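The chain contents come next:
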Amino acid sequence: MHIIVVGAGLAGPLLAQGLRRAGVGATLFERDRADQLSQGYRIHIAPEGELAMRDCLPPELHAEVLATSGLPGSGWRVLDPQLRTVQEHLVPQRADADGPGGRHLTVDRQTLRRILLTGVDVRYGAVFERFEFLPDGRVRAEFAGGLRAEGDLLVAADGTHSRIRAQLLPQARVIETGTWELYGKTMLTGEVRALLPAAALDGFCVVAGADGRFMPLAAHRFRSGGDDYVMWVVGGPAARFPADVSTLDQVAMREAAAQLVGDWHPSLSAVVRLGEPGSVHFTTARTAQPLEHWETVPVTLTGDAIHTMIPQGTSAAVALRDAGLLCRKLTEGAPLLEAVHAYETEMLEYGFVEVARALKSAG
C-alpha cells in the first residue's frame with residue numbers, strides 16, 4: 001500500500017510519520033519550496049493533538065516536540081483596551097500531565113513543522129492540480145509541470161483552499177465570517193517585556209474592545225532551542241480595515257495593525273511597531289459548513305481541508321487528531337475503503353462539533 005499526501009502543514013507530515021513508522025509507504029507533496037518559511041507562530045496543542053503525536057512520531061521526535069515547547073503559563077485572561085483584567089481562568093498544573101490523557105502544549109508552529117518533516121519523503125514545489133480514479137481502484141494525482149503520482153489513497157492535507165476538496169466535494173462550502181486579521185511576532189527583548197501586560201507573559205490573553213476589535217497576545221518562551229517572542233493578532237470587522245490591506249507590503253501591514261489599535265493603551269501599538277516586518281501577514285476568519293458523509297472513495301481529507309474553523313485554540317489539535325486516527329485505521333488491517341470510511345465517519349462527527357463550538361466561542 002502506498003499513500004499520497006498533499007500538504008505539508010501539520011496533519012500531512014504527522015500522517016506520513018505514522019505510516020512510515022508502521023511500515024506503510026507514503027509520499028508527501030508540498031506546493032511551497034523547501035526554503036520557504038511557513039507562516040504561523042505560537043499555537044496551542046490540546047491533549048488529543050499531543051496524543052496523536054505520541055502515537056505517530058518516533059520517540060526521539062516526540063521528545064524533541066516536548067523539549068522545544070513553550071514554558072507553561074498560569075492560564076488565560078481577557079483585558080479591556082486599557083489593559084485592565086476583566087476575566088481570567090487560571091489552570092492549575094496537572095499532576096497527570098505525562099499520563100495517558102495527553103497534555104496541553106504551546107509550540108512554535110515552524111519549529112513543530114520542522115520536527116514533523118524530519119525523515120519524511122517530501123516533494124517540494126509540487127502544486128496539485130487534479131486527481132483521477134484509475135481502473136484498478138487506485139488514484140492518480142497530477143501536479144503542475146507534468147508531475148504525477150499514483151497510489152492506493154490520496155489524502156488532502158492542503159488546507160482551507162483545498163483543491164482536492166473542490167474536486168471531490170464541490171458541494172462543500174467554506175464561508176467568510178466577516179472578520180479580518182493582521183498577525184505577526186515581536187521578539188521578546190527587554191523593551192518589549194516592559195511594554196507587554198503581565199498576562200501576555202504568563203499564558204494567553206486577548207484585549208477585547210466593545211466595537212468588535214480584539215487583540216490576542218501571547219509570549220512564546222521556549223523550553224530550549226529558540227528565540228523567545230510574543231505573538232500578536234489584530235482583528236475585527238472587515239469595515240475597520242483598509243480596503244486594500246491584502247495588497248499592502250508587510251511594513252505597511254504592520255503599520256495598519258498598529259493604527260487599528262492606536263486609540264487603545266499605547267503599549268499595544270508600540271509592541272506591533274516593534275514587530276518583525278517579515279512576520280506580518282493578513283488573513284480572514286472562515287468556517288466550514290456542516291457536510292453529510294459522501295460515498296467513500298480512495299480520496300479523503302484531513303484538517304482544514306475538510307473542517308476549517310474559527311481559530312479558538314483547538315484547530316491544530318483536531319488536525320493532528322485526524323492524522324493519528326487515519327493512520328490507525330489504515331494500519332489496523334481492514335480493507336482500504338472500509339478503513340477510510342470508518343475514519344471519515346468518526347472525523348466528521350468530532351470535527352464539525354468543534355467547528356460549531358469554535359464559531360459559538362467567537363460569537
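Owing to the predicted nature of the structure, the values given are computational and were not obtained by experimental measurement. (Residues numbered from 1 in each chain as written. Predicted model: local features only at pLDDT ≥ 70, side-chain atom pairs only at ≥ 80, totals over all residues. Heavy atoms only, no water.)

A. Representation of the sheet that holds strand β7 (residues 122-124). The strand order β7-β2-β1-β11-β17 describes an open sheet built from five strands, whose pairing is parallel. Of all the strands in the sheet, just β7 and β17 (299-301) have a single pairing partner and so form its edges. Averaged over all pairs of adjacent strands, the angle between their axes in this sheet comes to 20 degrees, without regard to strand direction. Strand direction decides the pairing type here: strand β11 (residues 153-156) and β17, joined by three bridges, are parallel. (Pairing = 2+ DSSP bridges. Helix = DSSP H or I, 4+ residues; strand = E, 2+ residues; numbered from the N terminus. Axes fitted to C-alpha atoms, helices over the stretch in contact; angles between N-to-C directions.)

B. Structural detail: empty space enclosed by the protein. The full count for this structure, using the stated rule, is one cavity of 30 Å³ or more. Each pocket or cavity is described by its volume, and for the largest cavity that value is around 40 Å³. Lining of the largest cavity is provided by Arg 165, Ala 172, Arg 173, Val 174, Ala 288, Gln 289, Leu 291, Ile 306 and Phe 352. Classifying every residue of the lining of the largest cavity gives six nonpolar, one polar and two charged. (1 Å grid on protein atoms, 1.4 Å probe; cavity = no way out; pocket = protein on both sides within 12 Å on 5 of 7 lines; lining within 4 Å. Points joined across faces, edges and corners; volume = space filled by probe spheres on them. Nonpolar A, V, L, I, M, F, W, Y, C, P; charged D, E, K, R; others polar.)

C. Summary view of helix α3 (residues 59-67). Listed as buried for α3 are Leu 61, His 62, Val 65 and Leu 66. When α3 is viewed along its axis, its buried side chains cluster within an angular range of 145 degrees and face the same direction. Turned more than 90 degrees off the buried face of α3, the exposed positions are Pro 59 and Glu 60. Packing partners of the buried residues in α3 comprise α1 (11-21), α2 (47-56), β6 (105-108) and α4 (109-116). (Buried < 20%, exposed > 50% of the residue type's maximum accessible area, 1.4 Å probe, protein only. Arc of directions from axis to C-beta. Contact = heavy atoms within 4.5 Å.)

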